[in-house]
Amino acid sequence: MDYGREAAAYQAIPLRFQGDIVPRYFGSWTFSLQSGRGASARKRPVRMILLELIHGETILDKIARAMRSAKWPDSLDFSALPPEKERLEILGRAVEAELALSWYAGVVHNDFAPRNIMVARNADDRPRVVLIDFNLARVARYMNPARQPPGTRDPTALPISPIERHWPGYDFTSRCEFAGWIPMSWHDNNDVSNARALEWLVARWKGSPKYQPLSDEFFEDETNEVLGENVQRYVALLKAEQAQYHKK
Ligand SMILES: Nc1ncnc2c1ncn2[C@@H]1O[C@H](COP(=O)(O)OP(=O)(O)O)[C@@H](O)[C@H]1O
Ligand SMILES: [Mg+2]
């Protein structure tokens, strides 16, 4: 199952994303491997997916190197990580990559976590963010066509905004998988409304022409009411500003 899903995912990912936000994909095979000799000789099927080797490491590898001991989170040495600005840039690009694959390729990764995001360097020394590990991915083209992501039906349609996708920021708050990557200042047990993560989502993507405007459902979602003052404040701010960007 892992093999089938991962191979299907890579086959569905267009070349423009390969070698960029995912490794280049060179094919997949099942071959028969002989083992043992004489009476104990056996053949077994071996699955192989041939991918570009990414010269880099995962976000989790980077976090692991900054851990002074296994005791989390007090033992994390934030100064041993890349600078905060770079970490957020990498996280932002990973978010955009995951969204692009789901929208334009119909491939929903389903395991978006530090262990599956690699960071390499481009020729110009800027970080290249690469998603790996598609064994849990869902590939829309094999599902009910009615449920296919719009971006695969209409290539001109814009993806939903990362703000909407990750609202209200729980993916990037204290006890999330990215806890060792988000800024130290975001760690606050009382931060129930994820003020910092919300602030980041809004600052990075509000009004971005690469994404759809925030939907009516987003603004009318009643759960915003119970998520605290910060959520309500940012929803109000986004609502007031939305009209502005889409006039331009
Ligand atoms: N294309 C690649 N280039 C370099 N390293 C890779 C590549 N793909 C995977 N890895 C390394 O192997 C590890 C396991 O791969 P992954 O696809 O995440 O498998 P698993 O399903 O076992 O988590 C990754 O964390 C990463 O360190
Ligand atoms: Mg993995």
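This text gives an overview of the structure that appears in the document. (Residues numbered from 1 in each chain as written. Chains lettered and ligands numbered in written order. Predicted model: local features only at pLDDT ≥ 70, side-chain atom pairs only at ≥ 80, totals over all residues. Heavy atoms only, no water.)

### Focus: the overall build of the chain
When you go through the chain residue by residue, the secondary structure sums to nine helices and seven strands. Each principal axis of the C-alpha atoms in the chain carries an extent, and together these give about 75 × 50 × 40 Å. Looking at the chain as a whole, 46% of its 248 residues qualify as buried. Here the analysis covers contacts within the chain between residues at least 6 apart in sequence; of these, 68% occur between residues at least 24 apart. Split by element, the accessible area of the chain, about 13,800 Å² in all, is 52% carbon and sulfur. Counting 33 positive and 32 negative side-chain charges, the chain places the averaged centre of each group 8 Å from the other. (Helix = DSSP H or I, 4+ residues; strand = E, 2+ residues; numbered from the N terminus. Buried < 20%, exposed > 50% of the residue type's maximum accessible area, 1.4 Å probe, protein only. Contact = heavy atoms within 4.5 Å. Areas by Shrake-Rupley, 256 points an atom, 1.4 Å probe, with all protein chains shown as cover. Lys, Arg positive; Asp, Glu negative; His and termini not counted. Charge placed at Lys NZ, Arg CZ, Asp CG, Glu CD.)

### A few points about the packing of helix H3 (residues 84-104) against helix H6 (residues 195-205)
In contact at an axis separation of 12 Å, H3 and H6 are set at 70° when each is read in the N-to-C sense. When the axis of H3 is compared with that of H6, the two are roughly perpendicular. Contacts between H3 and H6 involve Leu88, Glu89, Leu91, Gly92, Arg93, Val95 and Glu96 from the former and Trp200, Arg204 and Trp205 from the latter. Of the residues that constitute the contact of H3 with H6, the class distribution is five nonpolar, one polar and four charged. (Axes fitted to C-alpha atoms, helices over the stretch in contact; angles between N-to-C directions. Parallel < 35°, antiparallel > 145°, perpendicular 65-115°, else oblique. Nonpolar A, V, L, I, M, F, W, Y, C, P; charged D, E, K, R; others polar.)

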